[in-house]
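This is what each chain is made of:
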Amino acid sequence: MTPKKLARRILLITGIALNAGILIYYKYADFILSFTKENAADVQKEVLLPLGLSFFTFKAISYLVDVYSGKAVLSENPVHDALYLSFFGQIQSGPLSRYNDMCFPAELDGKKNARMNLFSDGVLRFLIGFNKKVLLANILAKVTTEVFSTPVEKYTMAYAWLGSICFSLQLFFDFAGYSDMAIGLSEMFGYKCRENFNYPYMTESVAKFWRRWHISLSEWFRDYIYIPLGGSRNKNKWRVYFNLLVVWVLTGIWHGAAWTFVFWGLGYFVLISFERLTKLPDRLQSKPSKIIYRVFTLLFINCQWILFRSDTLKNGIRFIKRLFVFYDNKITDFRALFLLKEYGVFIAAAILLCFPVVPWLRKKLEGRTKALVVFDGIVYTVILGLFVCALSFVVAGQNNPFAYANF
């Protein structure tokens, strides 16, 4: 290795270590120190977590690695680097864009119409995301908050299912709504941004779920952890599963310094490894068997979100148990029925919008120009009307922080 290459590698390792070190100190020091003392409360530093630190760190590491590998060109203007790392639209919860994503597309230079189209697309995308967050995620959060704040021993099967389904829907529309707003803001300022969701609850398997959910994070772990470790092309098949284990443990820990997140990540490792070993669901031939496996996949994901939301691993497991074991509590069942009547329309709308209803209808009208114009006009009017409603909710103070703000 030449001195120049050695110096480049040392700079790369130093840069990665510095970024990772900052993240570990602020986010994981308490968790690590808790292993050295009997009482974890004795080691609390009470250091405030900087806003969007995980996203800052991952974007910085991807920039260093891409420059080192030649996928990105080191900018001569430090303002460009600062813009990439701290672009306000993505600072809180992503998506995890790469440096090349922030470069203004050359084909748009000097083309006023193209820039205006990008801006108008961004405005529409922002409105859609805002509506998802305020009119669906925030409403569903009312059910979720009540259920998860209720002692688990009071749960009935109906109450547990209502709370878990509402949280699965809330988390999706909260995070997908933020991603839509971030993408919209990026486009309004002339930058392309990575997609982060693709109707994840339509998934056929657990592995494919992560190709649809938080896509930019999945791609980050694939490109900067999984592939450098050897990926799937390693001749030793057990090394492949070790690589998967590392990725999913890190994915769990990235979401939070707690055992709930560690076991949440391990759960996905086990199921994805199972699908890899058995080649499910690809080997399934009949339609009923494929439907059954899809139902199983959604059930597993729903249980995983319970662990994700629970304050302790014990409470998460007890919550999951209540989904499948009958417990009699008329007061809790009455409360579940009341919540369903109160928020049933929003829950039904959220479930419906987990599917590409609007794109499907639009595709049906392809080739019918006038009908398509009318359809688009109706859709835009509805989006704008819902935005006005959502805005009134925010003005009235009915708003919640983003669920991914702490990551």
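Residues numbered from 1 in each chain as written. Predicted model: local features only at pLDDT ≥ 70, side-chain atom pairs only at ≥ 80, totals over all residues. Heavy atoms only, no water.

Student: Can you walk me through the packing of aromatic side chains in this structure?
Tutor: Going through the model one piece at a time under the given rule, you end up with 45 aromatic pairs. Ring centres of tryptophan 210 and tryptophan 264 lie 5.8 Å apart, and the angle between their planes is 75°; this geometry places the pair in the edge-to-face category. Placement of the pair is tryptophan 210 in the loop between α6 (206-209) and α7 (215-229) and tryptophan 264 in helix α9 (residues 259-278), with a sequence separation of 54 residues. Exposure class is identical for tryptophan 210 and tryptophan 264. Each is buried. Judged by centre distance (5.4 Å) and plane angle (80°), the ring pair of tryptophan 264 and tyrosine 268 falls under edge-to-face. (Phe/Tyr/Trp six-rings, centres within 6.5 Å; stacked < 30°, edge-to-face > 60°. Helix = DSSP H or I, 4+ residues; strand = E, 2+ residues; numbered from the N terminus. Buried < 20%, exposed > 50% of the residue type's maximum accessible area, 1.4 Å probe, protein only.)

Student: Help me out: how do you make sense of the side chain of aspartate 180 in this one?
Tutor: Inspection of the secondary structure assignment puts aspartate 180 in helix α5 (residues 157-188). Of note is the side chain of aspartate 180, whose polar atom sits 2.7 Å from the side chain of lysine 132. With near-sequence residues (within four places) excluded, aspartate 180 lies in contact with Arg125, Phe126, Ile128, Gly129 and Lys132. (Polar contact = N/O pair within 3.5 Å; in protein donor to acceptor, adjacent residues only side chain to side chain. Contact = heavy atoms within 4.5 Å.)

Student: Would you mind going over the layout of surface pockets with me for this structure?
Tutor: Empty space among the atoms becomes visible once a probe the size of a water molecule is rolled across them. For the largest pocket, the calculated volume is near 1,200 Å³. Secondary structure elements with two or more residues in the lining of the largest pocket: α4 (112-149), α5, α12 (330-352), α13 (357-364) and α14 (369-395). A per-element tally of the lining of the largest pocket places α4 first, with 8 residues. For the lining of the largest pocket, the residue count by class is 24 nonpolar, 4 polar and 8 charged. (1 Å grid on protein atoms, 1.4 Å probe; cavity = no way out; pocket = protein on both sides within 12 Å on 5 of 7 lines; lining within 4 Å. Points joined across faces, edges and corners; volume = space filled by probe spheres on them. Nonpolar A, V, L, I, M, F, W, Y, C, P; charged D, E, K, R; others polar.)

Student: Explain the nonpolar core to me, please; I cannot follow it from the model alone.
Tutor: As a rule of thumb, nonpolar side chains are buried together in soluble globular proteins. Grouped together as the largest cluster of nonpolar side chains are 67 residues, with contacts concentrated most on Trp213, Tyr268 and Trp305. Broken down by element, this core gets its largest block of residues, 11 residues, from α5. Looking at this core, you find at least three residues from each of domain 1 (3-86) and domain 2 (114-406). Filtering out sequence-adjacent residues up to four positions away, tryptophan 305 remains in contact with Phe167, Ser168, Leu171, Tyr201, Phe209, Trp213 and Trp264. (Core = buried A, V, L, I, M, F, W, Y, C linked by side-chain atoms within 4.5 Å. Domains from an automatic or database assignment.)

Student: What's the story with the packing of α7 against helix α8 (residues 237-255) in this structure? I'm lost.
Tutor: It is the contact of α7 with α8, at a shortest axis distance of 10 Å, that shows an interaxial angle of 140°. Classified by the interaxial angle, the pair formed by α7 and α8 is oblique. In terms of crossing hand, the pair formed by α7 and α8 is right-handed. Between α7 and α8, the contacting residues are Leu217, Phe221, Ile225, Tyr226 and Leu229 on the first element and Arg239, Val240, Asn243, Leu244, Val246, Val247, Leu250, Thr251, Trp254 and His255 on the second. For the contact of α7 with α8, the class distribution of residues is 11 nonpolar, 3 polar and 1 charged. (Axes fitted to C-alpha atoms, helices over the stretch in contact; angles between N-to-C directions. Parallel < 35°, antiparallel > 145°, perpendicular 65-115°, else oblique. Left-handed = near helix turned anticlockwise from the far one by under 90°.)

Student: Is there a simple way to explain the domain arrangement of the protein in this structure?
Tutor: How big an interface is tends to be stated in terms of the accessible area lost upon association of its parts. Each assigned domain of the protein is listed with its residue range as follows: domain 1 (3-86) and domain 2 (114-406). Its C-alpha centre places domain 1 at a distance of 27 Å from the equivalent point of domain 2. Each side of the interface is counted separately: domain 1 has 13 residues, and domain 2 has 15 residues. Taken together, both faces of the contact between domain 1 and domain 2 bury some 1,300 Å²; the carbon and sulfur share is 74%. At the boundary of domain 1 with domain 2, the tally comes to 0 salt bridges. In this structure, the connection of domain 1 to domain 2 is made through 4 residue pairs in polar contact (both at pLDDT 80 or more). Contributing elements (two or more residues each) for the side of domain 1 that touches domain 2: α1 (3-33) and α2 (53-69). Counting residues per element, the side of domain 1 that touches domain 2 draws most heavily on α2, which supplies 7 residues. (Buried area = accessible area lost by both parts, 1.4 Å probe. Salt bridge = Lys/Arg side-chain N within 4 Å of Asp/Glu carboxyl O.)

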